[in-house]
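Each chain is listed here by its residues.
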Amino acid sequence: MKQVQYNGLTFEPYIEKETIAARIKELAGVIKRDCEGTVPLFVCVLNGAFPFAADLFRAVDMDAEITFIRLKSYEGMGSTGVVKEVIGLGENIKDRTVIIVEDIIDTGNTIKKLVADLQKMEPASLKIATLLFKPESLQTDVKPDYVGFSISPKFIIGFGLDLDGIARNLEDIYVLKEDNA
């Protein structure tokens, strides 16, 4: 893997696609075991979680459904602190096993609001799956149930994560090079 540049910033390789794929397969096995006897509904938080959700959903290998919602709290390289719902949930989740699929949990503000909103709809259970988790950045008491990788509080792109809408389609995950910061 080589460095990439976006918006005048240099990013270094961080997590390779093979490592991501292997970890997703592991998570899928745990989710399948935990959800045995149910038909879970995966709720993918767009746009960033799309690649993770697609791979995870296919790897689960059981009857399941998927739907999409869109929330936004980031602009540029930082959280705005304000969560805006853009596209809402259309499915009835009462008495359903629901798995929220996120690309990254950073401050936890977005996922905390989403969990609170979904709990009002009375699901049988509500779990959180996130590809990336920054425990050092957490400002809430949110604890994801399924974590791909715990990482330090650095700015990353690729595999769904973007910089002003670009770089989501990189197959690997890259971290902002230190001398850019």
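Cut-offs and rules
- Residues numbered from 1 in each chain as written.
- Predicted model: local features only at pLDDT ≥ 70, side-chain atom pairs only at ≥ 80, totals over all residues.
- Heavy atoms only, no water.
- Salt bridge = Lys/Arg side-chain N within 4 Å of Asp/Glu carboxyl O.
- Helix = DSSP H or I, 4+ residues; strand = E, 2+ residues; numbered from the N terminus.
- Expected span 1.5 Å × (residues − 1).
- Buried < 20%, exposed > 50% of the residue type's maximum accessible area, 1.4 Å probe, protein only.
- Arc of directions from axis to C-beta.
- Pairing = 2+ DSSP bridges.
- Phe/Tyr/Trp six-rings, centres within 6.5 Å; stacked < 30°, edge-to-face > 60°.
- Disulfide = S-S within 2.5 Å.
- Axes fitted to C-alpha atoms, helices over the stretch in contact; angles between N-to-C directions.
- Parallel < 35°, antiparallel > 145°, perpendicular 65-115°, else oblique.
- Left-handed = near helix turned anticlockwise from the far one by under 90°.
- Contact = heavy atoms within 4.5 Å.

(A) Examining the pattern of salt bridges more closely. A full pass over the atoms with the stated rule returns 12 salt bridges. Linking Asp 34 and Arg 33 is a salt bridge whose minimum nitrogen-to-oxygen distance equals 3.0 Å. Notably, a salt bridge pairs Asp 117 with Lys 120, separated by 4.0 Å at the nearest N-O pair.

(B) Helix H1 (residues 17-34), seen in detail. The end-to-end C-alpha separation of H1 is 26 Å, in line with the 26 Å expected for 18 residues at 1.5 Å each. Listing the buried residues of H1 in full gives Ile 20, Ile 24, Leu 27, Ala 28 and Ile 31. One side of H1 carries all its buried residues, which in axial view fall inside an arc of 110 degrees. Opposite the buried face of H1, by more than 90 degrees, sit the exposed residues Lys 25 and Arg 33.

(C) Region of interest: the sheet that holds strand S9 (residues 156-157). One open sheet accounts for four strands, arranged S1-S2-S10-S9; its pairing is antiparallel. Where the open sheet ends on each side, the last strands, each with one partner, are strand S1 (4-6) and S9. Note: strand S2 (residues 9-15) against strand S10 (residues 173-176), four bridges, orientation antiparallel. When the bridges of S10 are listed, Glu 12 appears paired with Val 175.

(D) Local environment of the packing of aromatic side chains. Inspection of every chain in the model, using the stated rule, returns two aromatic pairs. Judged by centre distance (6.2 Å) and plane angle (50 degrees), the rings of Phe 11 and Phe 155 are tilted. Remark: Phe 155 occurs in the loop between strand S8 (146-150) and S9 and Phe 11 occurs in strand S2; sequence separation between them is 144 residues. A single burial state applies to Phe 11 and to Phe 155, both of which are buried. Geometrically, the ring pair formed by Phe 42 and Phe 57 is edge-to-face, given 5.6 Å between the ring centres and 80 degrees between the ring planes. In this pair, Phe 42 sits in strand S3 (residues 41-46) while Phe 57 sits in helix H2 (residues 50-60), placing the two residues 15 residues apart along the sequence. Note on Phe 42: relative accessible area 0%, which makes it buried. A relative accessible area of 27% places Phe 57 in the partly exposed class.

(E) Molecular detail of the state of the cysteines. Evaluation of the coordinates by the stated rule reveals zero disulfides. With no disulfide of its own, Cys 35 has Cys 44 as its nearest cysteine by sulfur position, at a separation of 16 Å. By relative accessible area, Cys 35 is classed as buried at 2%.

(F) Structural context of the packing of H1 against H2. Look at H1 against H2: their axes get within 8 Å of each other, and the N-to-C directions meet at 55 degrees. Regarding the angle of H1 to H2, the classification is oblique. Viewed along their axes, H1 and H2 form a crossing whose handedness is right-handed. Residues Ile 24, Leu 27, Ala 28, Ile 31 and Lys 32 of H1 pack against Phe 52, Asp 55, Leu 56, Ala 59 and Val 60 of H2.

(G) Representation of the pairing of strand S7 (residues 125-133) within the structure. With seven of nine residues buried, S7 lies mostly within the body of the structure. Across eight bridges, strand S6 (residues 97-105) lies against S7 in parallel orientation. Its bridge partner being in S7, Ile 99 is matched across the sheet by Lys 127. Here S7 pairs with S8 via four bridges, running parallel.

(H) Layout of the pairing of S3. Among the six residues that make up S3, six are buried, leaving the element largely enclosed by the rest of the structure. The side-chain alternation of S3 yields two buried faces, one formed by Leu 41, Val 43 and Val 45 and the other by Phe 42, Cys 44 and Leu 46.

Geometry only, nothing functional implied.
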